[in-house]
Every structure is written in C-alpha cells, then in structure tokens.
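An overview of the molecular structure
Given next are the chains, with one letter for each unit.
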Amino acid sequence: MADDERLLEWAEQVAMHLARDGVPPIAGRILGWLMVCDPPEQSAGQISAAIGASRASLTMNLRLLTGMGFLTWRTRPGDRTMYYRMADDAWQAVVRQQVAGIASFLDITRRGLDLVGPDAERAARVRQAHATFAWMARVFEQAPPLGEEDR
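Bear in mind that the values here come from a model prediction, so they are computed numbers and not experimental data.

**Observations concerning the environment of leucine 8**
- As for its position among the elements, leucine 8 is in helix α1 (residues 3–19).
- Separated by 27 residues in sequence, leucine 8 and methionine 35 have C-alpha atoms that sit 11 Å apart.
- Those residues within four positions of leucine 8 in sequence are excluded, and the remaining contacts are Trp33, Ala50 and Ile51.

**Observations concerning unusual backbone geometry**
- Across the junction of aspartate 38 and proline 39, the peptide omega takes the value 5°, indicating a cis bond.
- You will see that aspartate 89, though not glycine, has its phi angle at about 55°, which is positive.
- For aspartate 89, the location among the structural elements is in the loop between β3 (79–86) and α5 (90–116).
- Among the residues examined, aspartate 89 registers a relative accessible area of 40% and is labelled partly exposed.

**Some words on helix α4 (residues 55–67)**
- Taking 1.5 Å as the rise per residue, α4 with 13 residues should run 18 Å; its terminal C-alpha atoms sit 18 Å apart, in good agreement.
- What α4 keeps buried is the set Ser57, Leu58, Asn61, Leu62 and Leu65. Each buried residue of α4 lies within a common arc of 130° when the element is viewed along its axis, so the set occupies one face. For α4, the exposed residues set more than 90 degrees away from the buried face come down to Ala56, Met60, Arg63 and Gly67.
- The elements touched by buried residues of α4 are α2 (25–36), α3 (44–51), β2 (71–76) and β3.
- Directly after α4, the chain includes glycine 69, whose backbone phi takes a positive value near 90°.

**So, the nonpolar core**
- Judged by nonpolar contacts, the single largest core of 25 residues is most densely connected at Ile30, Leu34, Ile47, Ile51 and Leu71.
- The greatest single-element share of this core, amounting to six residues, is contributed by α2.
- Excluding anything up to four places from it in sequence, isoleucine 47 contacts Ile30, Trp33, Leu34, Gln42, Gly52, Leu58, Leu62 and Tyr84.

**Points about the sheet that holds β3**
- Pairing within the open sheet is antiparallel, and its three strands lie in the order β1-β3-β2. Single-partner strands in this sheet number two, and they are β1 (42–43) and β2.
- Direction of pairing for β2 relative to β3: antiparallel, over a ladder of five bridges. Considered in β3, the bridge of tryptophan 73 is made with tyrosine 84.
- Here α2 sits on the sheet in contact with β1, β2 and β3, set at roughly 90° to β3.
- Across the face of the sheet, α4 comes into contact with β2 and β3 while running at roughly 115° to β2.

Conventions we followed
- Residues numbered from 1 in each chain as written.
- Predicted model: local features only at pLDDT ≥ 70, side-chain atom pairs only at ≥ 80, totals over all residues.
- Heavy atoms only, no water.
- Helix = DSSP H or I, 4+ residues; strand = E, 2+ residues; numbered from the N terminus.
- Contact = heavy atoms within 4.5 Å.
- Buried < 20%, exposed > 50% of the residue type's maximum accessible area, 1.4 Å probe, protein only.
- Expected span 1.5 Å × (residues − 1).
- Arc of directions from axis to C-beta.
- Core = buried A, V, L, I, M, F, W, Y, C linked by side-chain atoms within 4.5 Å.
- Pairing = 2+ DSSP bridges.
- Axes fitted to C-alpha atoms, helices over the stretch in contact; angles between N-to-C directions.

Dropping the structure here:
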C-alpha cells in the first residue's frame, strides 16, 4: 500500500471517529488529511483531489471547520488561491470551547430546576444532567494545563 493510501485510510479512521460525535464525514476526512499531509498547507483543489470530495461539499465543510477553530487559511502573494492548514493549538481551542459549553449548560440546568422545582419528580432528568455536567466541570477545573512536554 502506498504512503498516500495509508494516510487516506488513517484520515478515514479520523472521520469515522468524529462522525460518532456528529461531525460530517467530509469534515472529518479534511481534518484527518490536514493532520498528516505534506505540505501542511493545502488548497481546496489539493484537498478535494486527495480525499475525493466534491468542491461544493468541500467548500461547505472548510467553512464549518474554519468557524469551529480547527482550520486557518491564507493566500500567497500573487496567488488568489486560499491555502488551508490546521490552526495552531486547534484541538486545545476546540476542547476549551466544549468546556465553556459545559458551564453554559450548567446555567441552563439550574434554570430548569428553578422552573420545575428541585424536588419535583419530573426534575429527576434535569438533576441527572446537572450532576453529570457539574462533575465534568470539576474534572476540567482540576485538570493540569497541557504542558510543552505533552505536545
């Protein structure tokens, strides 16, 4: 199996893993490819040729990934082509956004408990969500920061 084939197979594994969390397969393939491709900056045409995606689907998913903070893009002098690459610390930024989402959902569950009453039978589902997200927030608050040796 050629190197590019192995890299594409790995990119597909990334895509299938992320699809479990609702990430569109094309977006996952883009991420997987941009994690291992050489050079690390690729035009939409290069990415499309590598992963076999249509330009329309690719464009939509490049916008999605850029908006989520996974990708950055730039042009080169004298060239209107946009080149995409993984953002520096992309994974850290995305995890930070998810952690912030946990705190935000805790506010929502608090309001839900206020709305239905903390002792109401129907509040059990809200209490369960609140307890789970409170636990997750504590875990992330107590986690040591990612150090240089971890990168």
